[in-house]
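# Report on the structure
The chain contents come next:
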Amino acid sequence: MDQPRQPFVNQNLKFLWDKLQIRTQNGVIFQYPSWKDQYQVYNSHKDQYENIISLTHKYNEMSEELFWGNQSETIDVLIFNQDIDVNPENAFKLMGKNPVISYYHNVSLLFEEKFFKHIQIILISPKNNIIYNFENKSIISTYSSPYLNDLLRIFIKKYKPQDQFKVEIVKDFYINKFPHIQVKEPFQNLKPQTPQCRLVDDKQTIIWLVDTKCLKYYLCFEPNFITYYGQLNENYQKHGRGILFQTNWNDYNPNYIILQGNFENGKRNGIMLKFSSRSQTLSHGLEYLDDQFIKQVDLDQNGKIKVAEIVKVETQDKPISTAPKKRIIIMEEGVIINNKEVTQNDRQRALKSDIFVKFNQQFNSNDEKILSNRNSWLNSSIIDGFALDLQKQHFEQAFNSNDPIKNFNTFVIDSTYLTSAAIDYKLVTSLKALCFEFKGLTIFDVFQNIVVVVNSNNSHWYLVLVKREQQQGVYQLKFHILDSMLGPSKKYINVCQKIFNLLTFHLELDANYRFDSENNIFVEDVQQQNDASSCGDHTCFFMYQIFNGNNYKEKNRKQIGEMRGMLYNLIFGQQ
Amino acid sequence: MSIKEIPIILVCKQKEKTYNVQVNIESSIEDLIIELHPLLQPGNQQQIVLHFGNMILNSKKQFKDYNIVKGSIIDIIIYTHGGIFLN
């Protein structure tokens, strides 16, 4: 979550305000003055105030650092002026010549709204401090002077008496030492946290407080397949920095959206980084205003705006003026290798018109045959597609129930996790989409049941149900084997070890998580198959029972026999 | 290269191949699969499936439907029809 804040953009002038500078596409036009520039102004008091001027300079840089690094909502600008104590009239009169004030004056001209929201100016002198808060329209001062308002005139173009700032005179010094950055404490063995369920914007939301020690970050699960990790306001609306993970369902296929950026009172605001997946591949930026999509922005790999030029997204109903160019050039090591014409034969072989994608799996008539014939083995497309559908339904049912926290308890990891290293990031994506990368909270805090679909040597299907138990200060992962052709627990050691290793690696589980080999493997007494082809059916049945909160040990041959029909309707039925 | 033509990278771990591909964002996924067929020569019971991020690409859709942009990496997975088979 230490993604830097995006530069603020002045759309009309194509100016960007970034850390210690205002720039255009072509270069920096205003830069925060260097220490030397500031120093010259006070050269007459070189020895006396050298240290304090140097410290204010460092402080201002630090304050900018915190703001653009997203750890602070304001930039507190310190201005040192020793004349405030002895000759306030002159001090305020000459304030406009201060190079730091000049820089922020430019900020206020070019980014008026952002300036008033995020800048607080603090005048300090050997005896007094005055804080100018533009957002709250307040002046807090340790002394009273008719010239206090003079500084406002520098930043507010049309200063109206009725808009006078509220002046509060305080006795004590506001600052008697320079603020220091709060150092984050490392996480220690946190006790499992308790979530709460709240109605936020009329939506039931499960809210986990992730970090109580430092910045308050929350993990929220909302209906409509939205997971949010970030900051909230007092009404538990998204507010501040956050990452939004959303799954949109279109024709039974998921479309994953990952957006990172600023939220204000539950609404997306400003430029959001859009990731093509959680593998850190940044696709582009999207600009929002009060949750309304404005435009798409090109970003470089660091998330900075590439050019101020805005690319408008084409709308679908816009007619395409020219016919698309179809030619595809494929190169291997710099040499074009598809220079032969594709023959009709190639085309026919490649085109299988009955192929369709559903539940993020590809199906065709062959799968229809499998589901119509009890002697065929179920394949991974069918089982993984079913798993995804169960997960989807689980999400919906949990939020429609009276107790979403209790009922939102199962997460499935499909078979490609163990069988295809090529696409293992698919799981990482979906897991990380649930924010398990964040310290202080793991998948096992949120879900009691982690279901792993296992394909054993391309010849057998079974389920491994992973649960966490706390024993003597460490977490033991317990592996429950749901196998319709069960064997001794020894048989499953390798698979369980592999699952443990992969979860530890991908979820960055700490050293507190243990796998105690055979002792943590429990072969469950579940329905056994009496043929050579129904392991997939049994696996789907066990999964169905777990997701629906039923007893997976239930011996129900009839229902298992009906699984294939259910799967057929799911995939090939007109729902 | 027109704006609609973008360079992308195809990776097929099963065959240890990496291809640089120039494709029109309005081309269909199917067009690319057709081009890949003679190169990867999958068996009769096999088929080429393209993955982008966590999505299986629908062969009937276009590249632009998936926000595939310049430099996107697409995985080629060769699936075996008929599901599971014994080694």
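Residues numbered from 1 in each chain as written. Chains lettered and ligands numbered in written order. Predicted model: local features only at pLDDT ≥ 70, side-chain atom pairs only at ≥ 80, totals over all residues. Heavy atoms only, no water.

Per an unreviewed UniProt entry, chain B goes by the name Rad60/SUMO-like domain-containing protein and belongs to Paramecium octaurelia.

As annotated in an unreviewed UniProt entry, chain A is Ubiquitin-like protease family profile domain-containing protein from Paramecium octaurelia.

## Here we look at the sheet that holds strand β5 (residues 75–80) of chain A
Residue and element names in this part refer to chain A. Inclusion rule: A pair of strands is labelled paired if DSSP reports no fewer than 2 bridges between them. Secondary structure is summarised from DSSP: a helix means a run of H or I of at least four residues, a strand means a run of E of at least two, and numbering begins at the N terminus for each. Where helices are involved, their axes are fitted lines through C-alpha atoms of the stretch in contact, as for all axes, and angles between N-to-C directions lie from 0 to 180°. Residues are treated as being in contact if the distance between any of their heavy atoms lies within 4.5 Å.
Overall, mixed pairing links the 5 strands, which are arranged β5-β6-β7-β8-β9 in an open sheet. Across the chains shown, the open sheet's two edge strands, defined by having one partner strand only, are β5 and β9 (166–169). The average undirected angle you get between the axes of adjacent strands in this sheet is 15°. Across 6 bridges, the pairing between β5 and strand β6 (residues 119–124) is parallel. Note on β6: the bridge partner recorded for aspartate 76 is glutamine 120. This element, helix α5 (residues 99–110), spans β5 and β6 of the sheet and lies at about 145° to β5.

## Quick look at the nonpolar core
Residues and elements named next belong to chain A. Formally: Side-chain atoms within 4.5 Å link the members of a nonpolar core, which is a set of buried Ala, Val, Leu, Ile, Met, Phe, Trp, Tyr and Cys residues. Relative accessible area decides the class of each residue, using a 1.4 Å probe on protein chains only: under 20% of the type maximum gives buried, over 50% gives exposed, and in between gives partly exposed.
Within the largest apolar cluster, 42 residues are counted, with the highest numbers of intra-cluster contacts made by Phe444, Val464, Val466, Phe479 and Ile499. The element best represented in this core is helix α15 (residues 493–506), accounting for 5 residues. Leaving out residues up to four positions away in the same chain, valine 464 has contacts with Ile450, Val451, Val452, Val454, Phe479, His480, Ile481, Val495 and Ile499. Ranked by size, the runner-up nonpolar core spans 38 residues in total, among them Leu20, Met95, Phe111 and Ile121.

## Focus on the packing of aromatic side chains
Residue and element names in this part refer to chain A. Here is the rule: In this analysis, rings of Phe, Tyr and Trp, with Trp reduced to its six-membered ring, are considered paired at centre separations within 6.5 Å, and the interplanar angle assigns stacked below 30 degrees, edge-to-face beyond 60, and tilted for intermediate values. Both a distance and an angle decide whether a charge sits over a ring: NZ of Lys or CZ of Arg must be within 6 Å of the ring centre and within 35 degrees of the ring normal.
Within this structure, the stated rule accounts for 36 aromatic pairs over all chains. Ring geometry for tryptophan 17 and phenylalanine 111: centres 5.8 Å apart, planes at 40°, overall tilted. Remark: phenylalanine 111 occurs in the loop between α5 and α6 (112–118) and tryptophan 17 occurs in strand β2 (residues 15–18); sequence separation between them is 94 residues. Take tryptophan 17: its relative accessible area is 0%, and that puts it in the buried class. Overall, phenylalanine 111 belongs to the buried group, its relative accessible area being 4%. A ring pair is formed by phenylalanine 134 and phenylalanine 155, whose centres lie 5.6 Å apart and whose planes are at 70°; its orientation type is edge-to-face. Of this pair, phenylalanine 134 sits in the loop between β7 (129–133) and β8 (138–141) while phenylalanine 155 is found in helix α7 (residues 150–155), placing the two residues 21 residues apart along the sequence. Here phenylalanine 134 falls in the buried class, since its relative accessible area comes to 4%. Judged by relative accessible area, which is 3%, phenylalanine 155 ranks as buried. Put simply, the rings of Phe221, Phe225, Trp249, Phe395, Phe399, Phe408, Phe411 and Phe447 pair up and form one aromatic cluster. One Lys or Arg, arginine 5, reaches over the ring of phenylalanine 67 and ends 4.1 Å from the middle of that ring.

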